[in-house]
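Architecture and fold: a report
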Amino acid sequence: MAVARPKHLVLILAREFASNLATPTMITDERGYLVFFNEAAEEVFGRSYAEVGEMPYDEWTSRFEPRSIATDEPVPLEHRPTGIALNEQRPAHERMRYTSIEGVARENSVTAFPLFAHHDELVGTVTIFWRE
Amino acid sequence: MTANGGMRIRIWGCRGSLPTPGASTVRYGGNTSCVEVGLEDGSLLVLDAGTGIRCLGDELVERGVREIRLLLTHLHLDHLEGLRFFAPMWNPEVSIDIWGPPSPTWSLRDRIARSFSPPLFPLDLKDVPSQVTFHDVPREPWTIGPFSLSASLVVHPGPTVGYRIEAGGATFAYIPDHEPALCGRIGELSPDWISGGAVAHGADLLLHDAQYFEDEYEARIGWGHSSVADAVAFAGAVEARRLLLFHHEPVHADTSLDLLEDRARELAGQNGRGPTLAREGMVVELRGPA
């Protein structure tokens, strides 16, 4: 049986923080693996985290066809806030439309920011979905 | 040294927060955190520099030890205040390597220097004659002589690490200040989501914070320490083979600590781990699985 990868303390604390938030929140590790989203985010995705488990976040979020509200064009991975937070290691914000697994489209302002344990050690990202 | 010669763990101080000398604490001791880890060949590590390190220092002088490796979990005073009175610090023929958690702003030396300067202390760190070298704890596992080490940040106010030490065929996990329950109910978390889990997993001996009885903890959530129940739950979750409870609450007299140990054993039940409270002067001979 595969042994789960120990999580950095910053991710452990972030998950505990997010699990008590009423704001939809998703957490990835530094590889870009989805490692948690809270109950509030179930409304965005249409699934609970327990049903999903760890997976590459791009594989996960691509299921929801994120599109720009401004242009209605699909937002490529590298332009999504989480992708920017991971790859460019800076905060990013975008208004996007997500279509949940049940087919319900919701508009969200999405904010993502990187988590650093030390000044140069990226340990993951937090993505927040602000309801429109 | 033989490959499986084991480790000798000696407790020089196990009191938490504040030294508590006096008639009511003679059995468990009143000195703050300091633990010696030794091997058959004389190799040793010193863990933390609470007031217990003063007596250890006197013994190291007697033994003629000239190279000392000190691992600090964090810089709260009860883990640092003995360093100024550690006799080898004042010997120019001694070299001391000190590891501690990194900070994004201050070097380890600068942070420790605060306690070596007026008005807290009459002398400055630059006046210390021994050869002191400071190291941030590496992110990846590393070695110090025959010891293989790893460290992880753990839940406690301010940057704090726990250490996993492997040598002589045995594994010792040292997490003296830790409040893993702050991140959820320990028994309900998978091991990869438990603070300190990687440090302590499967250790032959886990030394862990158990400052409070359960009812005391309810009024001190977020202070960075564990109830006896959480310490026992943590040991079970990480599958530690043996649990040594540490960082005794200053107001707990020996009689209270006897009750804490009883409670720990009651909580552990029949799982065979048999929790024990650390006592000053206690020596644990540690050998790995047969």
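Quick caveat, the model's predicted, so the values are computed rather than measured.

A look at the confidence of the model for chain B
- Averaged over all residues, the pLDDT of chain B is 94; the fraction at 70 or higher stands at 97%.
- Confidence metrics for the complex model read pTM 0.91 and ipTM 0.81.

Some thoughts on the interface of chain A and chain B
- Counting residues at the interface gives 16 residues for chain A and 14 residues for chain B.
- Buried area between chain A and chain B, summed over both chains or domains, comes out near 1400 Å², and the portion from carbon and sulfur atoms is 68%.
- Counting across the chain A and chain B interface gives three salt bridges.
- D120 of chain A is the partner of R139 of chain B in a salt bridge, and the nearest nitrogen-oxygen pair spans 2.6 Å.
- Connecting chain A to chain B are two residue pairs in polar contact (both at pLDDT 80 or more).

Re the confidence of the model for chain A
- On average, residues of chain A score 91 in pLDDT, and 98% of them are at 70 or above.
- Of all helices and strands in chain A, the one with the weakest mean pLDDT is helix α4 (residues 57-61) of chain A (86), whereas strand β1 (residues 25-29) of chain A scores best (97).

Here we look at the packing of aromatic side chains
Residues and elements named next belong to chain A.
- For the structure on display, the rule yields 15 aromatic pairs over all chains.
- With a centroid separation of 5.6 Å and an interplanar angle of 85°, the aromatic rings of F37 and Y49 are classed as edge-to-face. Within this pair, whereas F37 is found in strand β2 (residues 33-37), its partner Y49 is found in helix α3 (residues 49-52), the two being separated by twelve residues in sequence.
- Through a chain of ring-to-ring contacts, three or more aromatic side chains come together here, namely F36, F37, F45, Y49, W60, F64, Y98 and F129.
- Sitting over the ring of Y33, R31 keeps its end group 4.0 Å from the ring centre.

A word on the environment of H247 of chain B
Residue and element names in this part refer to chain B.
- Topologically, H247 is positioned in the loop between β12 (243-246) and α6 (254-268).
- Given a relative accessible area of 0%, H247 falls into the buried group.
- Expressed as a C-alpha distance, the spacing of H247 and D78, which sit 169 residues apart in the sequence, is 9.7 Å.
- Those residues in contact with H247 that lie beyond four places of it in its chain are C14, R15, G16, S17, S33, D78, H79, P176, D177, D209, Q211 and H225.
- Polar contacts involving the side chain of H247 include one to the side chain of D78, which spans 3.0 Å.

Let's talk about the state of the cysteines
Residues and elements named next belong to chain B.
- On inspection of all chains with the given rule, the structure shows zero disulfides over all chains.
- Looking at the unpaired C34, the closest cysteine sulfur is the one in C55, lying at 9.4 Å.
- Under the relative-accessibility criterion, C34 is labelled buried at 0%.
- Owing to a relative accessible area of 31%, C55 belongs among the partly exposed residues under this scheme.

Description of the nonpolar core
Residues and elements named next belong to chain B.
- Among the nonpolar cores identified, the biggest contains 68 residues, and M7, I9, I11, L71, Y163, I165 and F172 are the most heavily contacted of them.
- Discounting chain neighbours no more than four positions away, the residues touching L71 are L45, V46, L47, D48, W99, W142, I144, L149, Y163 and I165.
- Membership of the second largest hydrophobic core comes to 27 residues, among which are A200, A203, F213 and A240.

Describing the sheet that holds strand β2 (residues 34-38) of chain B
All names here are of chain B.
- The seven strands are arranged β6-β5-β4-β3-β2-β1-β14 in an open sheet whose pairing can be described as mixed. The sheet terminates laterally at β6 (131-136) and β14 (283-286), the two strands that pair on one side only. The average undirected angle you get between the axes of adjacent strands in this sheet is 20°.
- Relative to β2, strand β1 (residues 7-13) is paired through five bridges, and the arrangement is antiparallel. Across the sheet, R10 pairs through a bridge with E36, a residue of β2.
- Across the sheet, helix α1 (residues 52-63) touches β1, β2, β3 (44-47) and β4 (67-71), and the angle it forms with β1 is around 130°.

A short note on the sheet that holds β1 of chain A
Residue and element names in this part refer to chain A.
- Strand order across the open sheet formed by seven strands is β3-β2-β1-β7-β6-β5-β4, with antiparallel pairing between neighbours. Pairing within the sheet leaves two strands with one partner each, and these edge strands are β3 (55-56) and β4 (67-68).
- As judged from the two bridges shared by β2 and β3, these two strands associate in the antiparallel manner. Opposite Y33, over in β3, you have P56 as the bridge partner.
- Contacts from helix α1 (residues 9-19) reach β1, β2, β6 (105-118) and β7 (121-131), with the element oriented near 170° to β1.

Criteria and thresholds
Residues numbered from 1 in each chain as written. Chains lettered and ligands numbered in written order. Predicted model: local features only at pLDDT ≥ 70, side-chain atom pairs only at ≥ 80, totals over all residues. Heavy atoms only, no water. pLDDT = per-residue confidence, 0-100. Contact = heavy atoms within 4.5 Å. Buried area = accessible area lost by both parts, 1.4 Å probe. Salt bridge = Lys/Arg side-chain N within 4 Å of Asp/Glu carboxyl O. Polar contact = N/O pair within 3.5 Å; in protein donor to acceptor, adjacent residues only side chain to side chain. Helix = DSSP H or I, 4+ residues; strand = E, 2+ residues; numbered from the N terminus. Phe/Tyr/Trp six-rings, centres within 6.5 Å; stacked < 30°, edge-to-face > 60°. Lys NZ or Arg CZ within 6 Å of the ring centre and 35° of its normal. Buried < 20%, exposed > 50% of the residue type's maximum accessible area, 1.4 Å probe, protein only. Disulfide = S-S within 2.5 Å. Core = buried A, V, L, I, M, F, W, Y, C linked by side-chain atoms within 4.5 Å. Pairing = 2+ DSSP bridges. Axes fitted to C-alpha atoms, helices over the stretch in contact; angles between N-to-C directions.

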